[in-house]
Amino acid sequence: MSNTNSLTPSQTASRPAILGWLLFDWACQPFFTLVTTFVFAPYFASGLASDPVSGQSLWGYATAAAGLVLAVLSPVLGSIADATGPKKPWIASCGLVLVIACSVLWYAAPGQPSAIAIALVAFAFGTVAVEVAAVFNNAMIPHLVPPERYGRLSGTGWAMGYLGGLVSLVIVLGFLAADPVSMKTVFGLDPLFGLDPSTREGDRITGPFSALWFLVFVLPLFLVTPDVPRSGMSLKNAAQKGLSQVKNTIADARRHRSVGRFLLANMVYQDALVALFAFGGIYGAGVFGWQAIELGLFGIMLTITGTIGALIGGRLDDRIGAKPVILGSIVILAFVCLGVLSLGRDHIFFVVPTAPPAPDDGLYGSAPEKVFVLLGLVIGSVAGPLQASSRSLLARLVPAQEAGRYFGLLALSGKVTSFLAPLAVAVATTIFQTQAAGPAVLILFLLVGFWLLSGVKRV
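Residues numbered from 1 in each chain as written. Predicted model: local features only at pLDDT ≥ 70, side-chain atom pairs only at ≥ 80, totals over all residues. Heavy atoms only, no water.

Describe the overall build of the chain, listing the residues and the values that go with them.
Helix and strand counts for the chain come out as 17 helices and two strands. Looking at the chain as a whole, 61% of its 459 residues qualify as buried. Surface accessibility of the chain: about 17600 Å² in total, with carbon and sulfur atoms responsible for 69%. (Helix = DSSP H or I, 4+ residues; strand = E, 2+ residues; numbered from the N terminus. Buried < 20%, exposed > 50% of the residue type's maximum accessible area, 1.4 Å probe, protein only. Areas by Shrake-Rupley, 256 points an atom, 1.4 Å probe, with all protein chains shown as cover.)

Structure, rendered in structure tokens:
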């Protein structure tokens, strides 16, 4: 299925080849936008779990479990892929798991005895599959453009992802997912295909929709984007070599101060970002009682700012360096978490009381809701640059022919403790019985990540 043509790191791929690579982010994004954040996750908390607090806790445990699996798989598979050469066969295998997992989410229906288990297991499998596939996609960067264009390529990829999320969200909210009360979509239409709002079919369809979207838009990657050359090594020998290289890669990263410190910092701040996105929609649903329309419009606005932020961030990366972009993003996210922590149904900034929304105030009628929306837009504007600059920085630091194992290590650093922030949020939420515990935990993670990255000298 992969293209037989290949590029060496010194070459530049054609525009169609680069577009095929960029479309990978577009293809994957509905899983993150629709399932992980804005539609299915809030549905799980409000429509499947007994209450939003327990829903946030269960979702956190599932995210943590996926993070543990990713911590083991990512560096091992990345090293094996380096030994064999081509990355697209691995992307195809992970994509198959993603498609199956997303399709299964349809069966997580309200009132079904096994609905909660189906949702959590399918979500965890899908998360592992899409994140591992990203390891191999990222490892293709040095084979597509020269180093001075890494930032722009990575930032454009994230922007493409945000656009894909935006388009998919508009389709779902405008034509498929209806409010259970009004029985109408955001566009005031009856849901297509006879989807029943009372059984939340519009929310559950996000799984199969994400699977179909991935299948359609990942095809250009396989058809027009050159793969990394084959090494001639058998899969068995590559597996043996890859496994032995994992330990060596970790040792190399520890000896290389720039790489080691960066990966440690990435481990901490990416953990916080994963948790922030995982619980953003759940927080809005639980604290403010938002339904599909409010959550969906919030997601649309966030993805717009995310697209703009990723494009600007990629150019700033090439101009001023990845480290300043990452540090600035972390600072902004920490202040955002503090702002979210200060909100409640009837107050802002911890102590300032607010009046409840009047019936004719429309969407986001209360002052706390308006502030939360504003903070969400800020999250969108800096999350893309943070992640895009992280992968472009690593691409500049490591040899191109070893990109797979180092990007596997990047995934390891982003996932080896990725269970900690969601787990900390879940445990804190359970102990204190308030969703405000989540932002408080994430501020600490972000501050530690900032301190670690500030010590990286080579950028």
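There's plenty left to go through after this.
Please provide a residue-by-residue account of unusual backbone geometry, values included.
With glycine set apart, most residues show a phi of negative sign, and most peptide bonds adopt trans. Positive phi, normally seen in glycine, also occurs at Met 183, with a value near 65°. Tracing the sequence through the fold places Met 183 in the loop between α6 (150-176) and α7 (201-204). Residue Phe 193 is not a glycine yet carries a positive backbone phi of 60°.

Go over the environment of Phe 125 with me, naming the residues and quoting the values.
Mapped onto the secondary structure, Phe 125 falls in helix α5 (residues 115-138). Through-space distance from the C-alpha of Phe 125 to that of Ile 100 is 9.1 Å; in sequence the pair is 25 residues apart. Among all residues touching Phe 125, those that are not within four sequence positions of it are Val 97 and Ala 101. (Contact = heavy atoms within 4.5 Å.)

Which residues make up the packing of aromatic side chains, and what are the values?
Tallying each qualifying case throughout the model produces twelve aromatic pairs. Ring centres of Phe 31 and Phe 32 lie 5.7 Å apart, and the angle between their planes is 80°; on these two criteria the pair is classed as edge-to-face. The class of Phe 32 is partly exposed, set by a relative accessible area of 25%. Relative to Phe 187, the ring of Phe 175 lies with its centre 5.3 Å away and its plane at 85°, an arrangement referred to as edge-to-face. Note that Phe 175 is positioned in helix α6 and Phe 187 in the loop between α6 and α7, a separation of twelve residues in sequence. Given the relative accessible area of 32%, Phe 175 is considered partly exposed. Taking relative accessible area as the criterion, Phe 187 reaches 46% and is therefore assigned partly exposed. Ring pairing ties together the aromatic residues Phe 31, Phe 32, Phe 40, Tyr 43, Phe 44, Trp 59 and Phe 123, which thus form one cluster. (Phe/Tyr/Trp six-rings, centres within 6.5 Å; stacked < 30°, edge-to-face > 60°.)

I'd love a proper account of the state of the cysteines, names of residues and values included.
Taken as a whole and judged by the stated rule, the model has zero disulfides. Cys 102 takes part in no disulfide bond, and the closest cysteine sulfur to it belongs to Cys 28, at a distance of 9.6 Å. (Disulfide = S-S within 2.5 Å.)

A description of the pattern of salt bridges should follow, citing residues and the corresponding values.
Inspection of every chain in the model, using the stated rule, returns three salt bridges. Residue Asp 203 is joined to Arg 200 by a salt bridge in which the shortest nitrogen-to-oxygen separation is 2.7 Å. Note on Asp 203: relative accessible area 4%, which makes it buried. Residue Arg 204 is joined to Glu 201 by a salt bridge in which the shortest nitrogen-to-oxygen separation is 4.0 Å. Pair noted here: Arg 204 and Glu 201 are both in helix α7, with a separation of three residues, about one helical turn. (Salt bridge = Lys/Arg side-chain N within 4 Å of Asp/Glu carboxyl O.)

For a nonpolar patch on the surface, give the residues involved together with the corresponding values.
On the surface, Phe 175, Phe 187, Leu 189, Leu 192 and Phe 193 cluster together into a nonpolar patch covering about 520 Å² of accessible area. Locating Leu 189 in the fold gives a position in the loop between α6 and α7. (Patch = residues over 30% accessible without salt bridge, like charges linked within 9 Å, V, L, I, M, F, W, Y side chains within 5 Å.)

Could you give an account of the nonpolar core, with specific residues and numbers?
Within the largest apolar cluster, 125 residues are counted, with the highest numbers of intra-cluster contacts made by Phe 24, Phe 262 and Tyr 269. Dropping the residues within four chain positions of it, Phe 24 is found in contact with Ile 91, Ala 133, Ala 134, Asn 137, Phe 214, Val 218 and Leu 221. (Core = buried A, V, L, I, M, F, W, Y, C linked by side-chain atoms within 4.5 Å.)

Can you lay out the packing of helix α1 (residues 15-38) against α5 for me, pointing to particular residues and giving the numbers?
At a minimum axis separation of 11 Å, α1 and α5 run at an interaxial angle of 160°. Overall, the two elements α1 and α5 adopt an arrangement that is roughly antiparallel. Relative to α5, α1 is oriented so that their crossing is left-handed. Contact residues: Trp 21, Phe 24, Cys 28, Phe 31, Phe 32, Val 35 and Thr 36 in α1; Phe 123, Gly 126, Thr 127, Val 130, Glu 131, Ala 133, Ala 134 and Asn 137 in α5. (Axes fitted to C-alpha atoms, helices over the stretch in contact; angles between N-to-C directions. Parallel < 35°, antiparallel > 145°, perpendicular 65-115°, else oblique. Left-handed = near helix turned anticlockwise from the far one by under 90°.)

So what's going on with the packing of α6 against helix α8 (residues 206-217)? Residues and values would help.
What describes two packed helices is the angle between their axes and the distance between those same axes. Packing of α6 against α8 leaves a shortest axis separation of 12 Å and a crossing angle of 140°. Here α6 is positioned oblique relative to α8, judged by the angle of their axes. Once α6 is placed against α8, the crossing between them reads as right-handed. Touching Gly 164, Val 167, Ser 168, Ile 171, Val 172 and Leu 176 of α6 are Thr 206, Phe 209 and Trp 213, all from α8. Residues belonging to the contact of α6 with α8 are distributed by class as follows: six nonpolar, three polar and no charged. (Nonpolar A, V, L, I, M, F, W, Y, C, P; charged D, E, K, R; others polar.)

Remember that the coordinates give geometry; whether it matters functionally is a separate question.
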